[in-house]
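Understanding the architecture of this molecule
These are the residues of each chain, in order.
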Amino acid sequence: MAGGINYCVRCGAPMEDRFIYGRVRRVCGACEHVHFDDPKVAAVTFIRNGDKVLLVKRSVDPERGKWALPGGYVDAGEAPNAAAIREALEETGLEIEIVRLLDVFFTPNHIRVAPIIIIYEGRMIGGHLQANDDVEEAAWYTADNLPSIAFESTQQMINRWVNNAWG
Ligand SMILES: [Zn+2]
């Protein structure tokens, strides 16, 4: 079954699997409405302070208890860079600005998180470090004293930073 949508959002009739636009999708048997299963997108920020990087300890699954870059889902109608700034403030109490786009990761097995992860470089411009929202702690780490890292994308960005290979 593609998507798990049982009833049409337009007319309420049962949806069925049908091969359409290159793959199996849920289609309404009555009004032909096609359900497109859109991917979740996350925007996260790599924020440095001297030789340290800002990490947050996750208090929710998946990867609960491990450390990730501050960030979260992009809301419908919200610009990705605005989402990154909002999430940094919500999770760490810090006001940041976006410096540049670092990379975009696609991890199709991240169904429970976000398969598309946009990573920005950010810079602190205000606020006070304080863990909030869905994180347990927020802290600065040097490359030689890193905690257990959540998500492959976080690890890859940290590796590039450690190896001074992120351009
Ligand atoms: Zn319908």
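Right above here is the structure, for reference.
My aim in this report is to walk through the structure given alongside it, one point at a time.

Procedures and definitions
- Residues numbered from 1 in each chain as written.
- Predicted model: local features only at pLDDT ≥ 70, side-chain atom pairs only at ≥ 80, totals over all residues.
- Heavy atoms only, no water.
- Helix = DSSP H or I, 4+ residues; strand = E, 2+ residues; numbered from the N terminus.
- Buried < 20%, exposed > 50% of the residue type's maximum accessible area, 1.4 Å probe, protein only.
- Contact = heavy atoms within 4.5 Å.
- Pairing = 2+ DSSP bridges.
- Donors = N, O, S within 2.8 Å, 3.2 Å for Na, K, Ca; no water.
- Tetrahedral: all angles 85-135°; square planar, octahedral: opposite > 155°, others 65-115°.

Digging into the overall build of the chain
The secondary structure content of the chain amounts to 2 helices and 10 strands. Secondary structure of the chain in N-to-C order comes out as β-β-β-β-β-β-β-α-β-β-β-α. Counting across all 167 residues of the chain, residues that qualify as buried make up 40%. Look at the contacts in the chain between residues 6 or more apart in sequence, and 58% of them connect residues 24 or more apart.

Let's talk about the pairing of strand β2 (residues 23–28)
Pairing of strand β1 (residues 15–20) with β2 involves 6 bridges; the strand directions are antiparallel. In the strand pairing of β2, I20 is matched with R23. Where β1 folds back onto β2 in an antiparallel hairpin, the turn is made up of 2 residues, including Y21, whose phi is positive at roughly 50°. Here β2 folds back onto strand β3 (residues 34–35) in antiparallel fashion, the turn holding 5 residues, of which E32 has a positive phi close to 70°.

Details of the coordination of the zinc ion
Listed as protein donors to the zinc ion are C8 (SG), C11 (SG), C28 (SG) and C31 (SG); their distances from the metal cover 2.3 to 2.4 Å. Angles of 100 to 118° at the metal separate the 4 donor atoms of the zinc ion, which places the site in the tetrahedral class. Between the donor residues of the zinc ion, the gaps in sequence give the motif C-x2-C-x16-C-x2-C. With a gap of 20 residues between them, C8 in the segment before β1 and C28 in strand β2 connect regions that are remote in the sequence. For the pair C8 and C28, a shared accessibility class is recorded, and that class is buried.

Here we look at unusual backbone geometry
For the bond from D61 to P62, the omega torsion is -5°, close enough to zero to count as cis. Inspection of the secondary structure assignment puts P62 in the loop between β5 (52–58) and β6 (67–68). In this structure, Y21 is a non-glycine residue whose phi angle is positive, near 50°. Its place among the elements puts Y21 in the loop between β1 and β2. Notably, E63 is not glycine yet its phi reads approximately 65°, a positive angle. Locating E63 in the fold gives a position in the loop between β5 and β6.

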